[in-house]
Amino acid sequence: VELKDLPDHLSAFIRRVCKEKGMKIPSFAIIEDSAPNAFTYGHTPKNARVVITRGILEYLEPAEAEAVVAHELGHAYHWDILVMTLASLVPVLLYYVYRTLIRQTQRRSRGSKDKGEGYAIIIAVTAYILYIISEYIVLWLSRVREYWADRFSGEVTGKPNVLASALVKIAYGLVAPKKGQTTTSENSETDDTSRNLDAIKALGIFDRKAAQSLALQAYSHHQAHGSEAKVETAEQKERIAGAMQWDLWNPWATYYELHSTHPLPAKRINSLTDQAASMNQEPFILFNRRKPESYWDEFLVDVFVYWLTALPLIGVLAYLGLASYYGYSITEKQGWCIGGIFLISWGILYLLQTFFSYRGPVFPKMQISSLLSKVKVSAIRSVPVTLTGTIIGKGVP
């Protein structure tokens, strides 16, 4: 789309920021999808392209949409597109070295023994270990640059709280349409757009999978008018603080963040809150609750249940390894017996795992806000519930 095709306030904001920062105005595109998201791609700031979904314009207030676009402009201004592309090449090259050496070793093993084969295996294993380490370093670098883009948005808008408000709507998944507005999620043209966004998740405003189990009622600074509205706003902020508890207290959150291109939403909101405080502005939200207990016991139980179905396979491999070490031969009858024991034990443990994750036949009606305050939940430890509402977008939302 042309810049003039964007809302007037947004096009004026983009022109101002690009002029102040000496940037070329990037190209813009709109994806017809109701799930709010945005991303940047290209090579350098001169050919950067910013893409937003229709949900950014539908569900965010004008100032929030500007803050999100400013975040994407920050990626272009900091050369994040090129930096992350170059950084991502490191694990790719290391994996290529690993695969090449392994293939060469396999070819040599079919022929005569080569004295250099042992060195090749050592180099291949080292390359693979470095590949794993570099993957995590690239993810860490991506998360750092997300903080930089957030700070850029706070600087150019002068209101870090606005981006924090937008992140609540985007990263926590559930938003409310503006007054008199209908959703476009039933448009058949948007069926595949959300799935396609997974391909460029490192460039988006947030990592969609990192917050896929969370949701939050829309928060808007523009909803507050008078004393009664202030109470409502306080209640909304209380719900936001409840959602942040899982991000900041549950050990699973740290696990997901280590594998994510983006920081946890709660940590980004906290960072923006600190930036607002440094600019002598009232913080968006203060998360000052003391952690009531340790959640590591539930986490360790969850991890054990998660790997429960792997125990039979570990047992079979251990038995075969001991049999091979001591020179025992396994007859066909014994093989069938081992296979049967493996399948039966795996099935029993799978049922136990399922019963642990999906408990009870009762699914009480609950509100999203009450679910968000639950900290002891994970992909293994679920909460039976019945929800009523309208899903916007496709896939993760």
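In what follows, the structure referred to is the one given above.
Here the residue numbering is sequential within each chain, running from 1 through the sequence in written order. Confidence filtering applies because this is a predicted model: local features only for residues at pLDDT of at least 70, side-chain atom pairs given and counted only at 80 or more, and all residues used for totals across whole chains, interfaces and linings. The side-chain numbers reported here are obtained from all heavy atoms of the structure, hydrogens and water having been left aside.

Draft legend 1. Here's a closer look at the overall build of the protein. Along its length, the protein carries 14 helices and three strands. Burial here depends on accessible area, computed with a 1.4 Å probe over protein chains only, as a share of the maximum for the residue type. Under 20% is buried, over 50% is exposed, and the range in between is partly exposed. Each of the 397 residues in the protein was classed as buried or not, and the buried ones make up 41%. Should any heavy atoms of two residues lie within 4.5 Å, those residues are considered in contact. Sequence-distant contacts in the protein: of pairs separated by 6 or more residues, those separated by 24 or more amount to 71%. Accessible surface, the protein: about 22,200 Å² in total, of which carbon and sulfur atoms supply 61%. Segments assigned H or I by DSSP are reported as helices when at least four residues long, segments assigned E as strands when at least two residues long, and all are numbered from the N terminus. Methods summary: accessible areas were calculated by the Shrake-Rupley approach with a probe of 1.4 Å, and residue burial reflects only the protein chains presented.

Draft legend 2. Up close: the packing of aromatic side chains. In summary, the pairing rule links any two rings of Phe, Tyr or Trp, Trp by its six-membered ring, whose centres are within 6.5 Å, and it sorts them by plane angle into stacked for under 30 degrees, edge-to-face for over 60 and tilted for everything else. Taken as a whole and assessed by the stated rule, the structure comprises 17 aromatic pairs. Aromatic pair Tyr326 and Tyr328: ring centres 6.2 Å apart, planes at 25°, arrangement stacked. Looking at Tyr326, the relative accessible area reads 54%, which means it is exposed. What makes Tyr328 exposed here is its relative accessible area of 61%.

Draft legend 3. Molecular detail of a nonpolar patch on the surface. Note on patches: the residues involved have over 30% relative accessible area and no salt bridge, like charges join within 9 Å, and the nonpolar side chains Val, Leu, Ile, Met, Phe, Trp and Tyr join within 5 Å. By convention in these notes, a salt bridge is any Lys or Arg side-chain nitrogen within 4 Å of a carboxyl oxygen on Asp or Glu. A cluster of nonpolar side chains, Ile121, Val125, Ile129, Leu130, Ile133, Ile137 and Trp140, forms an exposed patch at the surface whose accessible area comes to about 650 Å². The exposure class assigned to Ile133 is partly exposed, which follows from its relative accessible area of 42%.

Draft legend 4. Structural detail: the environment of Gly22. Residue position: Gly22 is located in the loop between helix H1 (8-21) and strand S1 (27-31). Separated by 55 residues in sequence, Gly22 and Tyr77 have C-alpha atoms that sit 9.3 Å apart.

Draft legend 5. Examining the pattern of salt bridges more closely. If you walk through the whole model with that rule in mind, you get eleven salt bridges. For Arg268, the salt bridge goes to Glu146, with nearest N and O atoms at 4.0 Å. One end of the pair, Arg268, is in helix H10 (residues 265-278); the other, Glu146, is in helix H5 (residues 117-157), and 122 residues separate them in sequence. The residue Glu298 makes a salt bridge to Lys376 at a minimum N-O spacing of 3.1 Å. In this pair, Glu298 is assigned in helix H11 (residues 296-306) and Lys376 in the segment after helix H14 (368-372), connecting sequence segments 78 residues apart. The exposure class assigned to Glu298 is buried, which follows from its relative accessible area of 14%. Look at Lys376 and you get partly exposed, because its relative accessible area is 36%. Through salt bridges with shared partners, a single network forms among Glu146, Asp150 and Arg268.

Draft legend 6. A look at the nonpolar core. Ile14, Ile52, Val68 and Leu73 are the most contacted members of the largest nonpolar core, which totals 47 residues. Note on terminology: a nonpolar core comprises buried Ala, Val, Leu, Ile, Met, Phe, Trp, Tyr and Cys residues joined through side-chain atoms within 4.5 Å. Judged by nonpolar contacts, the second largest core, of six residues, contains Trp246, Leu264, Phe299 and Val377.

Draft legend 7. The arrangement of helix H3 (residues 62-77) in detail. In this model H3 runs 22 Å from its N-terminal to its C-terminal C-alpha over 16 residues, within 8% of the 22 Å that 1.5 Å per residue would give. With respect to burial, H3 is a largely interior element, 13 of its 16 residues being buried. Looking one or two places after H3, you find Trp79, whose phi comes out positive at around 60°. Working rule for helices: expected span equals 1.5 Å times residues minus one.

Draft legend 8. Broad picture of the sheet that holds strand S3 (residues 49-53). Being paired, for any two strands, means DSSP has found at least two bridges between them. With mixed pairing, three strands are arranged side by side in an open sheet as S1-S3-S2. The sheet terminates laterally at S1 and strand S2 (38-41), the two strands that pair on one side only. Strand-to-strand twist across the sheet, computed as the mean angle between neighbouring axes with direction ignored, equals 20°. Pairing of S1 with S3 involves five bridges; the strand directions are parallel. Within S3, the residue paired with Ile30 across the bridge is Ile52. Interaxial angle, 0 to 180 degrees, is taken between N-to-C directions of lines fitted to C-alpha atoms, where a helix line uses only the stretch in contact.

Draft legend 9. Representation of the environment of Ser357 within the structure. In this fold, Ser357 is placed in helix H13 (residues 332-357). The spacing of Ser357 and Pro384 is 27 residues in sequence and 9.5 Å in space, taken between C-alpha atoms. Among residues more than four places away in sequence, those in contact with Ser357 are Ile380 and Ser382.

Draft legend 10. Quick peek at helix H9 (residues 251-258). Along H9, the positions that sit buried rather than exposed are Pro251, Trp252, Ala253 and Glu257. The distance from a side-chain oxygen at the start of H9 to the backbone nitrogen of Trp252 is 2.9 Å, and the residue carrying that oxygen is Asn250. By the criterion applied in these results, polar contacts are pairs of N or O atoms within 3.5 Å in which, for protein atoms, one can donate a hydrogen and the other can accept it, and in which residues neighboring in sequence qualify only through two side-chain atoms.

Draft legend 11. Up close: the side chain of Ser153. Along the chain, Ser153 turns up in helix H5. If sequence neighbours within four positions are ignored, Ser153 has contacts with Ala67, Ala70, His71, Gly158 and Leu163.

Just geometry here; none of it tells us what the structure is for.
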